[in-house]
Amino acid sequence: GIQVEQSPPDLILQEGANSTLRCNFSDSVNNLQWFHQNPWGQLINLFYIPSGTKQNGRLSATTVATERYSLLYISSSQTTDSGVYFCAVPHYGGSQGNLIFGKGTKLSVKP
Amino acid sequence: NAGVTQTPKFQVLKTGQSMTLQCAQDMNHNSMYWYRQDPGMGLRLIYYSASEGTTDKGEVPNGYNVSRLNKREFSLRLESAAPSQTSVYFCASSGGLAGGHEQFFGPGTRLTVL
């Protein structure tokens with residue numbers, strides 16, 4: 001099945017710094033999602049981005065489907081950005097529509 | 001619009017006890033999913049329902065059963081809980097088949113089996 005790898009696994013930033021998180025996937029996909037899991041465990045949808053670039057405030061994401069990777073940019077980081085960031089892609093096996101998740105990037109933003 | 005709701009939020013069981021986790025969505029989505037998340041891991045699929053009246057096994061189905069009660073509701077049952085089922089359980093829904101639509105997740109149920 002499709003493999004999803006995220007890097008780096010851990011990231012510590014000072015408040016105000018910028019960062020780039022990477023997601024590589026092993027096969028062609030028709031969509032990709034980025035999630036933020038906050039310290040309370042809630043999964044928050046950040047981007048649904050099969051290709052191209054999207055921006056939402058201080059966050060933006062770019063997916064280059066032909067090269068099988070996606071990047072999540074966080075600018076001017078805040079302590080509330082702390083948590084785990086997951087990317088996930090569809091597992092097209094038969095009729096399955098579930099997502100395959102990477103292991104995540106744990107981000108800690110220090111004040 | 002509540003999105004995806006799950007009950008209960010927390011549960012502690014003894015080995016061998018049974019329970020049902022409830023999930024409902026109000027987005028008129030066709031597909032619903034149950035995932036589990038273990039420490040330091042991403043989510044793994046337990047069961048899914050591509051549409052009302054159908055259910056299929058995912059990556060880690062052993063020890064679980066599901067019921068798609070209607071279009072809105074999808075329940076997960078543990079018949080005889082085991083410590084290995086200690087995990088956080090997430091329900092999700094999406095609009096269509098083959099993962100072509102964005103998935104939305106509920107708040108999760110944190111289950112401990114002693």
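Residues numbered from 1 in each chain as written. Chains lettered and ligands numbered in written order. Predicted model: local features only at pLDDT ≥ 70, side-chain atom pairs only at ≥ 80, totals over all residues. Heavy atoms only, no water.

On to unusual backbone geometry. Residue Ser7(A) is joined to Pro8(A) through a cis peptide bond whose omega torsion reads -10 degrees. Between Thr7(B) and the following residue, Pro8(B), the backbone shows a cis peptide bond with an omega angle of -5 degrees. Note that Pro8(B) resides in the loop between strand 1 (4–7) and strand 2 (10–13). In this model, Arg68(A) sits at a positive phi of 60 degrees, which is unusual for a non-glycine residue. Following the sequence through the fold, Arg68(A) ends up in the loop between strand 7 (59–64) and strand 8 (69–74). Since its relative accessible area comes to 32%, Arg68(A) is described here as partly exposed. Despite not being glycine, Asn28(B) has its phi angle at roughly 60 degrees, a positive value. (Helix = DSSP H or I, 4+ residues; strand = E, 2+ residues; numbered from the N terminus. Buried < 20%, exposed > 50% of the residue type's maximum accessible area, 1.4 Å probe, protein only.)

For the structure on display, the rule yields 2 disulfides over all chains. Across a sulfur-sulfur distance of 2.0 Å, Cys23(A) and Cys87(A) are joined as a disulfide pair. Taking the sign of the torsion about the S-S bond as the criterion, the disulfide between Cys23(A) and Cys87(A), at about 75 degrees, is right-handed. One end of the pair, Cys23(A), is in strand 3 (residues 19–25); the other, Cys87(A), is in strand 9 (residues 83–90), and 64 residues separate them in sequence. A disulfide bridge connects Cys23(B) with Cys91(B), and the sulfur atoms are separated by 1.9 Å. Handedness of the Cys23(B)-Cys91(B) disulfide follows from its S-S torsion of about -75 degrees: it is left-handed. In this pair, Cys23(B) is assigned in strand 3 (residues 19–25) and Cys91(B) in strand 9 (residues 87–94), connecting sequence segments 68 residues apart. A relative accessible area of 3% means that Cys23(B) is categorised as buried. (Disulfide = S-S within 2.5 Å.)

What follows concerns the confidence of the model for chain B. Looking at chain B, pLDDT values average 91 and 96% of them are 70 or higher. The least confident element of chain B, judged by mean pLDDT, is strand 6 (residues 56–57) of chain B at 92; the most confident is strand 8 (residues 74–78) of chain B at 98. (pLDDT = per-residue confidence, 0-100.)

At the interface, 19 residues of chain B touch 19 residues of chain A. Together chain B and chain A conceal approximately 1,700 Å² of surface at their shared face, both sides included; 53% is due to carbon and sulfur atoms. Seen at the junction of chain B and chain A, the total is 0 salt bridges. Here chain B is connected to chain A by 5 residue pairs in polar contact (both at pLDDT 80 or more). Secondary structure elements with two or more residues in the side of chain B that touches chain A: strand 4 (31–37), strand 5 (43–49) and strand 10 (104–105) of chain B. Residue classes in the side of chain B that touches chain A are distributed as 10 nonpolar, 7 polar and 2 charged. (Contact = heavy atoms within 4.5 Å. Buried area = accessible area lost by both parts, 1.4 Å probe. Salt bridge = Lys/Arg side-chain N within 4 Å of Asp/Glu carboxyl O. Polar contact = N/O pair within 3.5 Å; in protein donor to acceptor, adjacent residues only side chain to side chain. Nonpolar A, V, L, I, M, F, W, Y, C, P; charged D, E, K, R; others polar.)

Right, let's talk about the sheet that holds strand 7 of chain A for a bit. All names here are of chain A. Pairing in this open sheet of 5 strands is antiparallel, and the strands run 1-3-8-7-6 from one edge to the other. The two strands at the open ends of the sheet, each matched to only one other strand, are strand 1 (4–7) and strand 6 (52–56). Ignoring which end each strand starts from, the neighbouring axes of this sheet average 15 degrees apart. In this structure, strand 7 lies alongside strand 8, joined through 6 bridges in antiparallel fashion. When the sheet's bridge partners are listed, Thr 62 is paired in strand 8 with Leu 71. (Pairing = 2+ DSSP bridges. Axes fitted to C-alpha atoms, helices over the stretch in contact; angles between N-to-C directions.)

Residues Trp34(A) and Val89(A) are the most contacted members of the largest nonpolar core, which totals 22 residues. Mapped by element, the contributors of at least two residues to this core are strand 2 (10–14), strand 3, strand 7, strand 8, strand 9 and strand 11 (105–110) of chain A. Residues contacting Val89(A), with those up to four places away along its chain left out, are Ile2(A), Val4(A), Phe25(A), Val29(A), Asn31(A), Leu32(A), Asn98(A), Leu99(A) and Ile100(A). Counting residues in each nonpolar core, the second largest holds 20 residues, with Val60(B), Leu76(B), Leu78(B) and Tyr89(B) among its members. (Core = buried A, V, L, I, M, F, W, Y, C linked by side-chain atoms within 4.5 Å.)

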